[in-house]
Amino acid sequence: ELQEHLQALFELHQKRWQGVDISKFTIPAVRDFYKDVSKAFHENNWLVLSVLTIDGKPASVDWGFIYNDTLYDMTTTFDTSYSDYSIGNLHMMKLIEYGIQLGLKKYDFLKGDEKYKSHWTSGITNNIQITMTNRSLRGRLRLILLKILIKYTNIRKRTFRDNFELLLKKMWHSG
């Protein structure tokens, strides 16, 4: 079932992001990475690859893993034809219940500030990224480029309204 469930993850993710953005699963190296890691995690009993079906067809797929009493939710996707039914939230509820049944202590949504995450928790865990480079001109230019790419990626993930509100907050607090 592993390959079948991974294929459902890839296909639903690509379908969901078609026309809006590029799915990470259009890149063969990313699909291969997920296949390799899934196999290793499965062998260690860490993998949580959950498929919620409707009429025998995948409606929602969640890829995560369990490690040190925590379920890490890495990638979630769903069939957009079920958007009106909050199929992704229903699936998440079932995964949280599963974690409770296993006696896990934490459910980690990992990075990102997507709105659905605030439905399930008010707690936020801050992540930090440390980038080291040498002091050469080339190193400084790489660091500047990295910062631009990170800001651009974060801006693209939010709606125009959210970006505008963040801009207003920043202007309000800096003045």
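Look up a bit, the structure's there.
What follows deals with the overall build of the chain. The secondary structure content of the chain amounts to six helices and four strands. In the chain, which comprises 175 residues, the share counted as buried stands at 27%. Counting contacts in the chain only where the partners sit at least 6 residues apart, residues at least 24 apart contribute 52% of the total. Accessible surface, the chain as shown: approximately 13,200 Å² in total, 56% of it carbon and sulfur.

If you walk through the whole model with that rule in mind, you get three salt bridges. Across the pair Asp79 and Lys15 runs a salt bridge whose closest N-O atoms are separated by 3.3 Å. You can see Asp79 sitting in the loop between strand 3 (70-78) and helix 3 (87-101) and its partner Lys15 sitting in helix 1 (residues 2-17), a full 64 residues away along the chain. Given a relative accessible area of 44%, Lys15 falls into the partly exposed group. Ionic pairing is found between Lys105 and Asp69, a salt bridge with its closest N-O pair at 3.9 Å. Pair noted here: Lys105 is in the loop between helix 3 and strand 4 (106-108) and Asp69 is in the loop between strand 2 (57-67) and strand 3, with a separation of 36 residues, a long-range link.

Right, let's talk about the nonpolar core for a bit. Within the largest apolar cluster, 14 residues are counted, with the highest numbers of intra-cluster contacts made by Leu9 and Trp63. Among the secondary structure elements, those contributing two or more residues to this core are helix 1, helix 2 (28-43), strand 1 (47-54) and strand 2. Here the element with the most residues in this core is helix 1; it accounts for five residues. With near-sequence residues (within four places) excluded, Trp63 lies in contact with Leu6, Leu9, Tyr34, Val37, Ser38, Phe41, Leu47, Val48, Leu49, Asp73, Met74 and Thr75.

The strand order across the open sheet formed by four strands is 1-2-3-4, and the pairing between neighbours is mixed. One side of each edge strand has no neighbouring strand; the edge strands of this open sheet are strand 1 and strand 4. Across the sheet, the mean angle from the axis of one strand to that of its neighbour is 25 degrees, orientation sign disregarded. Running at roughly 115 degrees to strand 2, helix 1 makes contact with strand 1, strand 2 and strand 3 of the sheet. Running at roughly 60 degrees to strand 2, helix 2 makes contact with strand 1, strand 2 and strand 3 of the sheet.

Moving on: helix 2. Each full turn of the α-helix corresponds to 3.6 residues, which orients residues three or four apart in the same direction. In this model, helix 2 (16 residues) spans 23 Å end to end at C-alpha, consistent with the 22 Å of a helix rising 1.5 Å per residue. Among the residues of helix 2, Tyr34, Val37, Ser38 and Phe41 are the ones counted as buried. Axial view of helix 2: buried residues confined to an arc of 110 degrees, hence all on one face. Seen from the buried face of helix 2, the exposed residues on the opposite side, beyond 90 degrees, are Ala29, Asp36, Lys39 and Glu43.

Scanning the model with the defined rule gives ten aromatic pairs in all. Measuring from centroid to centroid gives 5.3 Å for Trp46 and Tyr67, while their planes differ by 85 degrees, and the two rings are edge-to-face. Linking Trp46 in the loop between helix 2 and strand 1 with Tyr67 in strand 2, this pair joins segments that are 21 residues apart in sequence. Take Trp46: its relative accessible area is 30%, and that puts it in the partly exposed class. According to the relative accessible area criterion, Tyr67 is partly exposed, its value standing at 39%. Three or more aromatic residues joined by ring pairs form one cluster here, namely Phe10, Phe25, Phe33, Tyr34, Phe41, Trp46, Trp63, Phe65, Tyr67 and Tyr72.

Thresholds, definitions, all that
Residues numbered from 1 in each chain as written. Predicted model: local features only at pLDDT ≥ 70, side-chain atom pairs only at ≥ 80, totals over all residues. Heavy atoms only, no water. Helix = DSSP H or I, 4+ residues; strand = E, 2+ residues; numbered from the N terminus. Buried < 20%, exposed > 50% of the residue type's maximum accessible area, 1.4 Å probe, protein only. Contact = heavy atoms within 4.5 Å. Areas by Shrake-Rupley, 256 points an atom, 1.4 Å probe, with all protein chains shown as cover. Salt bridge = Lys/Arg side-chain N within 4 Å of Asp/Glu carboxyl O. Core = buried A, V, L, I, M, F, W, Y, C linked by side-chain atoms within 4.5 Å. Pairing = 2+ DSSP bridges. Axes fitted to C-alpha atoms, helices over the stretch in contact; angles between N-to-C directions. Expected span 1.5 Å × (residues − 1). Arc of directions from axis to C-beta. Phe/Tyr/Trp six-rings, centres within 6.5 Å; stacked < 30°, edge-to-face > 60°.

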